[in-house]
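Secondary and tertiary structure notes
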Amino acid sequence: MIIKSIFIGNTTEAFLEVGFSEGFNLIYSDDNNKGKTIVIQSIMYCMGNNSVFPASFAYEEYYYILTLELN
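As a starting point, this report considers the structure included with it.

What counts as what
- Residues numbered from 1 in each chain as written.
- Predicted model: local features only at pLDDT ≥ 70, side-chain atom pairs only at ≥ 80, totals over all residues.
- Heavy atoms only, no water.
- Pairing = 2+ DSSP bridges.
- Helix = DSSP H or I, 4+ residues; strand = E, 2+ residues; numbered from the N terminus.
- Axes fitted to C-alpha atoms, helices over the stretch in contact; angles between N-to-C directions.
- Contact = heavy atoms within 4.5 Å.

1. Some details on the sheet that holds strand E1 (residues 2–9)
One open sheet accounts for three strands, arranged E2-E1-E3; its pairing is antiparallel. If you trace the sheet from one side to the other, it starts and ends with strand E2 (14–17) and strand E3 (63–69), each paired once. The mean angle between the axes of side-by-side strands here comes to 10°, regardless of whether they run parallel or antiparallel. The pairing of E1 with E2 spans four bridges and is classified as antiparallel. Paired with Ile-6 across the strands is Glu-17, a residue of E2. The sheet strands contacting helix H1 (residues 36–46) are E1, E2 and E3, and the helix crosses E1 at an angle near 105°.

This is the structure:
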């Protein structure tokens, strides 16, 4: 399984990450509150995991689209 993209958004804001590649991907930032946790938690949520988003993030107000490549 290869993650190709993740979309997180609603009617007022949206985020699309399409920079994933085969192999190891590293998500990082020198600063806090840049969305690293939201990206990872959104991927897990799309794959059926229970929501474990930060309490300050109203995840029910967003749409999530995960694109995967399967053999």
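More follows now that the structure is in view.
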